[in-house]
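Architecture and fold: a report
Here is how the chains run, residue by residue.
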Amino acid sequence: MIAVNNVTGWERIVFNLKLKLSIFSYFLPMLWKGELSLKRFILLLKRLLLFVSRMRHNKLVKIGGKTRLGLYIPGFPSPAFDTACRKFSQFEDKMPCTTVLLSITSACPYQCRHCYQKLDKGKDVHIDTLIRMVRKLQDRGIAFFNIEGGEPFLAYERLKQICSAIDSRSEIWINSTGAGMTQERLAELKGLDVTAVMFSLHSPDADVFNEFMGKKSAWDTMAAGVKLCHDADLAVAFNTCLMREDFYNGRFEQIMDAAKGFKACLVQIIKPKPAGGWLEKTDIEFTFQDIEYIKAKVNRYNLQAEFAEYPAISAQIIEEDKSVFGCTAGGTDRFYINAKGDLQPCEFLNISFGNITVDNFEDIYQKMRGCFEWGGECYLCESCSPEVHRLYQENGLTSLPLPPELSEKIYSSWERGKRTDLYERLERMR
């Protein structure tokens, strides 16, 4: 089993000093060679310090000797971490995106009620197109590939080829249910430098979990997959989509106990979104008081000594807060490509800027980035969902995301709110 340890107390203080010294040393040759002026060298360091400061609420976790500051930040030290840092050395143009969620197949044996891909229908992108896309994205500065399906292990040859095409400039995580996993496949992926596999854990009760996933064997498949990953020295993480009441009825604590029992390195808490199978759902709102209550719970697990042995938590409710990152979709820091090739701002916003199988990637990517020039305070996946649903129904559609011509009706007139303090300050440092 790969070594996983949380970095706390004095060890965290020492790590932070080591991190700052390493970043300074990494970029110093750019100053010596004249690639950066002294002014921009100082601004680069200030940008990085500001960005890192927004993750002070995170629990740091060391996976196999590499420490990660957050879910989408590659482990330090690594070439992928260096790639992520180089984002902040861009002064002439907009800083590059560093994270992509890439679906490689729509094949899936489950019927999850909340699935944001539930209405995605279409043929999987040809593997050669995906490989070219992956290489192009690496050249553009992507430091973190989060690969999913459907269930990617049901299209294992595609999964292997994609992982083979990604070199050390980027880190790879895979989202899976455990279906289709074998020891031999995981050993191959470990050899291709895959870091971790993330499973879903929406309930600690096997029967409830099975009902949610729509299959009686779902829990056993997940548990077997976790064991296979540990045997293959791959880190295990979980994501969980919890409703408001789950933070009051004890389910959140039960999920954390279960994740600890499975020896997970990290738990991602996904805020329920009105997307895909839940596009019409209106009873998933959280009040300001709810959000503050949940933040306090998450911070206890991440920062207090009594929870030091629990997995780190990455909570969307905290990370998407305007005081931290806000919404970073649309290439501000992350975006999504679905299995049929639609370029989407994120997996929860069911609109498309074009399709990589028929459109020039550079054109549709720049169009998307033009609509997301900065991190925003507004959660578009929530504010735009009624209009997405209306257009879906009025046009007699049977699949999502909305086609580009209908999607434009959404993004041509939406209100993104104010830009977040972080990205406002980062852009001013030029």
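All values derive from a computational prediction rather than experimental measurement.

Below, the discussion takes up the domain arrangement of the chain. Accessible area lost during the coming together of the parts is what is often quoted as the interface size. Domain assignment breaks the chain into domain 1 (4-76) and domain 2 (77-429). Distance between the C-alpha centres of domain 1 and domain 2: 24 Å. Between domain 1 and domain 2, roughly 3800 Å² of surface is buried when both sides are summed, and carbon and sulfur atoms account for 66% of that area. Area buried by domain 1 at its contact with domain 2 is led by Arg47, Arg54 and Tyr72, which between them contribute 23% of it. Along the contact surface separating domain 1 from domain 2 lie three salt bridges. Of the charged contacts, one joins Glu92 and Arg40 as a salt bridge, the two residues approaching to 2.6 Å between their closest N and O atoms.

Our focus in this paragraph is the environment of Gly149. Inspection of the secondary structure assignment puts Gly149 in the loop between strand E5 (144-148) and helix H5 (156-165). Each C-alpha atom of the pair Gly149 and Cys327 lies 23 Å from the other, and the pair is 178 residues apart in sequence. Those residues in contact with Gly149 that lie beyond four places of it in its chain are Ser103, Thr105 and Gln117.

Core analysis: the largest hydrophobic core is formed by 139 residues, its most contacted members being Ile162, Phe238, Phe335 and Trp414. The element contributing the most residues to this core is helix H2 (residues 38-53), with seven residues. Each of domain 1 (4-76) and domain 2 (77-429) accounts for three or more of the residues forming this core. Ignoring sequence-local partners within four residues, the contact set of Phe335 consists of Cys97, Thr99, Val100, Leu101, Leu137, Ile142, Gly330, Leu343, Gln344, Pro345, Tyr365 and Met368.

Here we come to the side chain of Asp246. Within the secondary structure layout, Asp246 lies in the loop between strand E8 (235-241) and helix H9 (251-261). With relative accessibility at 6%, the residue Asp246 sits in the buried group.

Criteria and thresholds
- Residues numbered from 1 in each chain as written.
- Predicted model: local features only at pLDDT ≥ 70, side-chain atom pairs only at ≥ 80, totals over all residues.
- Heavy atoms only, no water.
- Domains from an automatic or database assignment.
- Buried area = accessible area lost by both parts, 1.4 Å probe.
- Salt bridge = Lys/Arg side-chain N within 4 Å of Asp/Glu carboxyl O.
- Helix = DSSP H or I, 4+ residues; strand = E, 2+ residues; numbered from the N terminus.
- Contact = heavy atoms within 4.5 Å.
- Core = buried A, V, L, I, M, F, W, Y, C linked by side-chain atoms within 4.5 Å.
- Buried < 20%, exposed > 50% of the residue type's maximum accessible area, 1.4 Å probe, protein only.

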